[in-house]
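Read off the chains here:
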Amino acid sequence: MKQIVILSSAIVLPVLLCAQPTVDQSDAPQVDDVFPYVTGSYAPITTGGADALWDLSGVGTSDVTSLTVESPDATAYGDLYPTATLALDGGDLITYIRTDPTGLYVVGAYQTLGQLGIEIHYTDEQLFLPYPCTYNTAFTDTYAYNYDYPGTTVNGGGNLSYVADGFGTLVLPYDTIYNVLKLSGIDTTTDIIPGQSSVTVNHQVYFYKPGMHYYLLSSRAFSVTVNGGSPTTAFGL
C-alpha cells in the first residue's frame, strides 16, 4: 500500500530559514498535544541531501483525523502498559510510548475492532526515533511483540533501518515549511500464527521539524506476503 499522511497543524508554524535541523527529546510529543492528520494521494519522495526542496503542493487530500497525546493513566488501558510515559490516542488505536534522552520507543498498543479489543505488548520495544537525530544520523533496531486474537496467539517481530538523508524545505498544499529533516528507511515485520506467516515490508519516509512534537508527514509503500506467496503491494501518503 502507498500512503501519505500530512500533519495539517504544520500550517501554523512560522516560516523561517534555519540551520541544519536537530530533533531531540524536547521535540517529543507532550500531554495535551492534538495533531490533525490529513490523508493524501501518494507521491514518491526520493530526493535527499542538504538544502533540498520537496514540492508536494499538488498532493490531493481527503480524510481528516486527529491524534491526541495523553498520559497513559488517562486512557482506559494505561495500566496494561506500565512502562509507557505517553499515549497517542487515535480512537480505535492507542499507541503507548516512552521517551527518554536516547529516543522515542513503542512499548505497546491497544486496538479496537468492533467489539474486539486487542492488546499488543512489545517484549522488545521498538525504537521509533533516536535522540538526538540530525542529518546523516543512521539507526537500526530489532523488536518483538505478541497479541491474542480469537482462538490463537500471534507472535510478531521486525527489524528496521533508517537514515536521516536530507534536510531543507517541504512544500505542502497548506504552506511551505522550512528547516525540516527527512528520514528514509525500511521496516520489515513478520507475524506468525499456527499455519500462517505474514511478512510486511515498509518503505517509509518521515519529515520532522524541530519544535514540532511529532512528524509533519509520512509516506510509505509496502508489500505483504502470506505463506511465501506472491506479495501484494500498495502505496500511500
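Not measured: the values here are computed from a predicted model.

## Concerning the overall build of the protein
The helix and strand tally for the protein stands at zero helices and 16 strands. Against the globule reference of 18 Å for 237 residues, the protein gives a C-alpha radius of gyration of 18 Å, in line with a compact fold. Taken along its principal axes, the extent of the C-alpha atoms in the protein is 55 × 45 × 35 Å. Contacts in the protein between residues at least 24 apart in sequence constitute 58% of all its contacts with a sequence separation of at least 6. Total accessible area computed for the protein in this model is approximately 10800 Å², and 52% of it derives from carbon and sulfur atoms. Between the averaged position of the 5 positive side-chain charges in the protein and that of its 22 negative side-chain charges there is a distance of 11 Å.

## Points about unusual backbone geometry
The linkage connecting Tyr131 with the following residue, Pro132, adopts the cis geometry, with an omega of -15°. Relative to the helices and strands, Pro132 is located in the loop between strand S9 (116-130) and strand S10 (133-134). With a phi close to 85°, Asp32 is a non-glycine residue in the positive phi region. Looking at the secondary structure, you find Asp32 in the loop between strand S2 (22-23) and strand S3 (34-40). Given a relative accessible area of 66%, Asp32 falls into the exposed group.

## Section: the nonpolar core
Counting 35 residues, the largest nonpolar core has Phe128, Leu129, Leu183, Tyr208 and Tyr214 as the members making the most contacts within it. If we skip the residues at most four places from it in the chain, Tyr208 touches Val23, Phe128, Leu129, Asn179, Val180, Leu181, Leu183, Tyr214, Tyr215 and Leu216. Counting 15 residues, the second-largest nonpolar core is a separate cluster that includes Trp54, Val205, Phe207 and Leu217.

## Examining the side chain of Lys182
In this fold, Lys182 is placed in strand S13 (residues 176-193). For Lys182, a relative accessible area of 1% puts it in the buried group. Here the side chain of Lys182 touches Asp165 through a polar contact of 3.0 Å, side chain to side chain. For Lys182, the contacting residues outside a window of four places in its chain are Ile45, Thr46, Thr47, Trp54, Val163, Ala164, Asp165, Gly166, Val205, Tyr206 and Phe207.

## A word on the pairing of strand S14 (residues 196-208)
In this sheet, S14 lies alongside S13 in antiparallel orientation, the contact comprising 13 bridges. Looking at the pairing, Ile186 lines up with His203 of S14. By the bridge criterion, 10 bridges tie S14 to strand S15 (residues 217-226) in an arrangement that is antiparallel. What sits directly across from His203, in S15, is Ala221.

## So, the pairing of S13
Where strand S12 (residues 152-171) and S13 come together, 15 bridges link them in antiparallel fashion. Residue Ser161 lies in a different strand from S13, and its bridge partner there is Ile186. Hairpin connection from S12 to S13: four residues lie between these consecutive antiparallel strands. Counted along the chain from S13 to the antiparallel partner S14, the turn is two residues long, and its residue Gly195 has a positive phi close to 90°.

## Observations concerning the pattern of salt bridges
Opposite charge on two side chains lets them pair, provided their charged atoms get close. Inspection of every chain in the model, using the stated rule, returns three salt bridges. Taking the shortest distance from any N to any O, the salt bridge between Asp100 and Arg98 comes out at 2.7 Å. Of the residues examined, Asp100 reaches a relative accessible area of 19% and is grouped as buried. One salt bridge connects Lys182 with Asp165, and the closest N-O pair in it is separated by 3.0 Å. On the criterion of sequence distance, the pair formed by Lys182 in strand S13 and Asp165 in strand S12 is long-range, its members being 17 residues apart. Among the ionic contacts, a cluster of salt bridges with common partners joins Arg98, Asp100 and Glu125.

## Notes on the environment of Leu116
As for its position among the elements, Leu116 is in strand S9. For Leu116, a relative accessible area of 27% corresponds to the partly exposed category. For the pair Leu116 and Pro150, spaced 34 residues apart in sequence, the C-alpha to C-alpha distance is 8.9 Å. Those residues in contact with Leu116, other than ones at most four positions away along the chain, are Gln111, Tyr149 and Pro150.

The rules we used
- Residues numbered from 1 in each chain as written.
- Predicted model: local features only at pLDDT ≥ 70, side-chain atom pairs only at ≥ 80, totals over all residues.
- Heavy atoms only, no water.
- Helix = DSSP H or I, 4+ residues; strand = E, 2+ residues; numbered from the N terminus.
- Rg over C-alpha atoms; globule rule 2.2 N^0.38 Å.
- Contact = heavy atoms within 4.5 Å.
- Areas by Shrake-Rupley, 256 points an atom, 1.4 Å probe, with all protein chains shown as cover.
- Lys, Arg positive; Asp, Glu negative; His and termini not counted.
- Charge placed at Lys NZ, Arg CZ, Asp CG, Glu CD.
- Buried < 20%, exposed > 50% of the residue type's maximum accessible area, 1.4 Å probe, protein only.
- Core = buried A, V, L, I, M, F, W, Y, C linked by side-chain atoms within 4.5 Å.
- Polar contact = N/O pair within 3.5 Å; in protein donor to acceptor, adjacent residues only side chain to side chain.
- Pairing = 2+ DSSP bridges.
- Salt bridge = Lys/Arg side-chain N within 4 Å of Asp/Glu carboxyl O.

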